[in-house]
Amino acid sequence: MTIHPLRPSDPPALRPDQERPDTTAAYDSTWTEQPDAPAPEGLDRIMGQDGKIYVVLAVVLLIWIGVVTLLVRTDRRIERLERRVDRSISDDE
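Student: Can you explain the overall build of the protein chain? Please cite residues and give values.
Tutor: For the protein chain, the count of helices and strands is three helices and zero strands. Starting at the N terminus, the α and β elements of the protein chain follow one another as α-α-α. Of all 93 residues assigned to the protein chain, the portion counted as buried reaches 0%. Split by element, the accessible area of the protein chain, about 9,600 Å² in all, is 60% carbon and sulfur.

As structure tokens, then:
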């Protein structure tokens, strides 16, 4: 059995009973008849208008940054207090 390499100009070989993939009717309606997207309602309509959703996301991000900053500062203060307590205990002994 000899295997010959395919050249880029060779058309793809199909079996006799096989249809070309682009001629099947199975997917025609799937790709050509896309359903219309429903119009946004309620909160989506209000927040999507004029980019207000980005303002909300920015505010939420700022709140998270504030919470993380508060936790880091509190952790540092607790570490300082622990060191001070450890030093005072070691000085008393």
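Student: Before we move on, can you summarise a positive patch on the surface with the specific residues and values?
Tutor: Side chains of Arg-73, Arg-76, Arg-77, Arg-80, Arg-83, Arg-84 and Arg-87 sit close together on the surface and give a patch of like positive charge. Of note, Arg-77 is situated in helix 3 (residues 52-92).

Student: With reference to specific residues and values, describe the environment of Met-47.
Tutor: Checked against the element boundaries, Met-47 lands in helix 2 (residues 43-48). Here Met-47 is in contact with Lys-52, Ile-53 and Val-56, once residues within four sequence places are set aside.

Student: So what's going on with the confidence of the model for the protein chain? Which residues, and what values?
Tutor: Fine structural detail should not be taken from predicted coordinates in areas where pLDDT scores are low. Confidence in the prediction of the protein chain, expressed as mean pLDDT, is 78, and 68% of residues score 70 or more. Averaged pLDDT values for the elements of the protein chain fall to 57 in helix 1 (residues 28-32) and rise to 93 in helix 3.

Student: Give a description of a nonpolar patch on the surface that names residues and reports values.
Tutor: Among the surface-exposed residues, Ile-53, Tyr-54, Val-55, Val-56, Leu-57, Val-59, Val-60, Ile-63, Trp-64, Val-67 and Leu-71 lie close enough to one another that they form a single nonpolar patch of about 1,100 Å² accessible area. Within the secondary structure layout, Val-55 lies in helix 3.

What counts, and at which threshold
- Starting from 1, residues in each chain are numbered consecutively following that chain's sequence as written.
- Where local features are concerned, this predicted model is filtered to residues with pLDDT of at least 70; where side-chain atom pairs are given and counted, the filter is 80 or more; whole-chain, interface and lining totals use all residues.
- Hydrogens are left out, water is left out, and the side-chain values use all remaining heavy atoms of the structure.
- Here a helix means four or more residues in a row that DSSP labels H or I, a strand means two or more in a row labelled E, and each is numbered from the N terminus.
- Exposure is judged per residue with a 1.4 Å probe applied to protein chains only, and the accessible area is read against the type maximum: over 50% gives exposed, under 20% gives buried, and values in between give partly exposed.
- Areas reported here follow the Shrake-Rupley algorithm with a probe of radius 1.4 Å; residue values treat only the protein chains shown as occluding.
- For patch building, the residue pool is restricted to those with more than 30% relative accessible area and no salt bridge; the joining distance is 9 Å between like charges and 5 Å between nonpolar side chains (Val, Leu, Ile, Met, Phe, Trp, Tyr).
- Salt bridges, as used here, are contacts in which a Lys or Arg side-chain nitrogen is within 4 Å of a carboxyl oxygen on Asp or Glu.
- In this charge count, Lys and Arg are treated as positive and Asp and Glu as negative; neither His nor the chain ends contribute.
- A charge is said to be at NZ when it belongs to Lys, at CZ for Arg, at CG for Asp and at CD for Glu.
- Throughout, a contact is declared for two residues whenever any of their heavy atoms are within 4.5 Å.
- By definition, pLDDT measures how confident the predictor is in each residue, and it falls between 0 and 100.

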